[in-house]
Amino acid sequence: MHTVSFTTLGCKVNQFETEAMTELLEKEGFKVVAQQEKSDIYIINTCAVTKESERKSRQFINKAKRFNKDALVVAVGCSVQLNSDKINKETNVDIVIGTKHKGDIAKLIKQKLINRNSNINNISCIDKFEGKEDFEELKISTVHDKTRANIKIQDGCSQFCSYCIIPYVRGPIRSRNFEDIIDEVKNIVSNGYKEIVLNGIHISSYGAENKEKDSLLKLIEEINDISGIERIRLGSLEPNIITDDFACKISKLDKVCHHFHLSLQSGSDDVLSRMNRKYTSTQYLNNVEIIRKYMPDSGITTDIIVGFPGETDEEFKQTYEFVKKIEFSRIHVFKYSIREGTKAADMKEQIDDKIKSSRSKQLIELGDITANKFMQKFVGRNLSVLVENQNDNFFEGYTTNYLKVLIKSDNNIKNKIVNVIIDKVSNDYLESEYNEV
């Protein structure tokens, strides 16, 4: 029996696809082992969102051969789709598979193993995106985390933000079949999972290629009716999907987590325009106010890019003040990184890295302040926590609005949903003590 280990870089979609490939290989008789274990086959699920993630992808590919010189090395995913020639030249990879055909991984590995001692060239499975694409169905029935499961409902992006390479490596938007998603959720729930996370490259566009109205909302409503599911969490959303109708209907669904990740990227309208984002700061603020009107305790998280080409001190100040105004529950700050092949890479007035670092530091510090302020609101309140990890008699989990809680308990509460009174805020998490009634 051949052993296989996975290294997964990047987003939750990659994590889902790794889980799906794991199941495919196990069904074909391969034994999947932990990443750090020596194995016969190494699979690196790569990322291309930044130059650093591409560098790390190649680093892991080369590291596999150093760990076991006789191993078969497989590189899959976004970095492969973008730069397969470079990966073939600069690494000792045996098989390359882009963002299509991951469902064929077992067949391709078997083909390579059979012809291992012949002069057969490396196997390359890279198809360009041309026009409308079909969704590649990958399924999971179990994941290694017994509390939360990522469900991929959509692939591709047609937004073409000026800084982003993803539309070029993931292709146009395409949605997973409604019934296939429902069947997978039912299967996941039957295996004991309490929370599912709906993910994709651009889930706000779910059903859009078929001009279906309110497809994402209808999907969420259908999942909410599935017996046994306790929590539904949404992946990153485009701000424009938040309307009064959407928020009102979501607020009435008892299983939907009140946590919304709305990508901001900048609080300056001029920068948003250069980024080719499809909203203004005023529209974004209105979207946030709609959420808080119907679900006032919602956690609202976001991504922000600092140092975008041409970003002036005044434009950064607008972002800084906007973050203060919104009072996010958490922000993720990224320094702009040039991605060859995007419009932003050719823009003049690239920002010096020292300025990027300074702006990043300021926003991170502000984010810590707003996060703490949000958490303080819940001291003394009773919150529901899905417990995921354990260290001795301390347990860690998340509330529905995505606040991390550390719980002291003499009882084993791992993989359970418990209600606790919040005692205090410590650093970036809440603390509590569990007393079973």
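See the structure shown above.
Residues numbered from 1 in each chain as written. Predicted model: local features only at pLDDT ≥ 70, side-chain atom pairs only at ≥ 80, totals over all residues. Heavy atoms only, no water.

Enquirer: What is the right way to look at the environment of Leu24 in this model?
Expert: By the secondary structure assignment, Leu24 is in helix H1 (residues 12-27). A C-alpha to C-alpha distance of 26 Å links Leu24 and Val49, two positions 25 residues apart in sequence. Non-local contacts of Leu24, meaning those with residues more than four positions away in its chain, are made with Lys102, Gly103 and Leu138. (Helix = DSSP H or I, 4+ residues; strand = E, 2+ residues; numbered from the N terminus. Contact = heavy atoms within 4.5 Å.)

Enquirer: Even after reading the chapter, I still don't get the packing of aromatic side chains, so can you show me in this structure?
Expert: In total, this model carries 10 aromatic pairs according to the counting rule given. Ring plane angle 75° and centroid distance 5.4 Å describe the contact between Phe160 and Tyr168, whose orientation is recorded as edge-to-face. For Phe160, a relative accessible area of 39% gives the class partly exposed. Judged by its relative accessible area of 42%, Tyr168 is partly exposed. Ring geometry for Phe308 and Tyr336: centres 5.4 Å apart, planes at 75°, overall edge-to-face. Separated by 28 residues along the polypeptide, Phe308 in the loop between strand E12 (299-306) and helix H11 (313-326) and Tyr336 in the loop between strand E13 (330-335) and helix H12 (353-376) bring together distant segments of the chain. Across the pair, Tyr336 and Phe308 agree in class, each one buried. These aromatic residues form a ring-pair network of at least three members: Tyr279, Tyr284, Phe322 and Phe328. (Phe/Tyr/Trp six-rings, centres within 6.5 Å; stacked < 30°, edge-to-face > 60°. Buried < 20%, exposed > 50% of the residue type's maximum accessible area, 1.4 Å probe, protein only.)

Enquirer: Would you mind showing me how to read the nonpolar core here?
Expert: The tendency in soluble globular proteins is for nonpolar side chains to be buried as a group. Counting residues in hydrophobic clusters, the biggest one holds 57 residues, and the most contacted among them are Leu198 and Ile223. Excluding its chain neighbours within four sequence positions, the residues that come into contact with Leu198 are Ile151, Ile153, Ile203, Leu219, Ile220, Ile223, Ile232, Arg233, Leu234 and Gly235. Leu72, Val74, Ile109 and Ile123 belong to the second-largest nonpolar core, a separate cluster that totals 18 residues. (Core = buried A, V, L, I, M, F, W, Y, C linked by side-chain atoms within 4.5 Å.)

Enquirer: Would you explain the pattern of salt bridges in this entry?
Expert: Side-chain pairs of opposite charge can arise whenever the charged atoms involved come near each other. For the structure shown, the criterion picks out 31 salt bridges. The partner of Arg170 in a salt bridge is Glu17, with the nearest N and O atoms 2.9 Å apart. Here Glu17 lies in helix H1 and Arg170 lies in helix H5 (residues 166-170), a separation of 153 residues in the sequence. Note that Lys293 and Asp244 form a salt bridge whose closest N and O atoms lie 2.6 Å from each other. With a gap of 49 residues between them, Lys293 in helix H10 (residues 281-294) and Asp244 in helix H8 (residues 244-251) connect regions that are remote in the sequence. For Lys293, a relative accessible area of 53% gives the class exposed. (Salt bridge = Lys/Arg side-chain N within 4 Å of Asp/Glu carboxyl O.)

Enquirer: Help me understand the environment of Val189, please; the structure alone is not making it clear to me.
Expert: Checked against the element boundaries, Val189 lands in helix H6 (residues 178-190). What makes Val189 buried here is its relative accessible area of 13%. Along the primary structure Val189 and Asp269 are separated by 80 residues, whereas in three dimensions their C-alpha atoms are 43 Å apart. Setting aside residues up to four positions removed in sequence, Val189 forms contacts with Ser227, Gly228 and Ile229.

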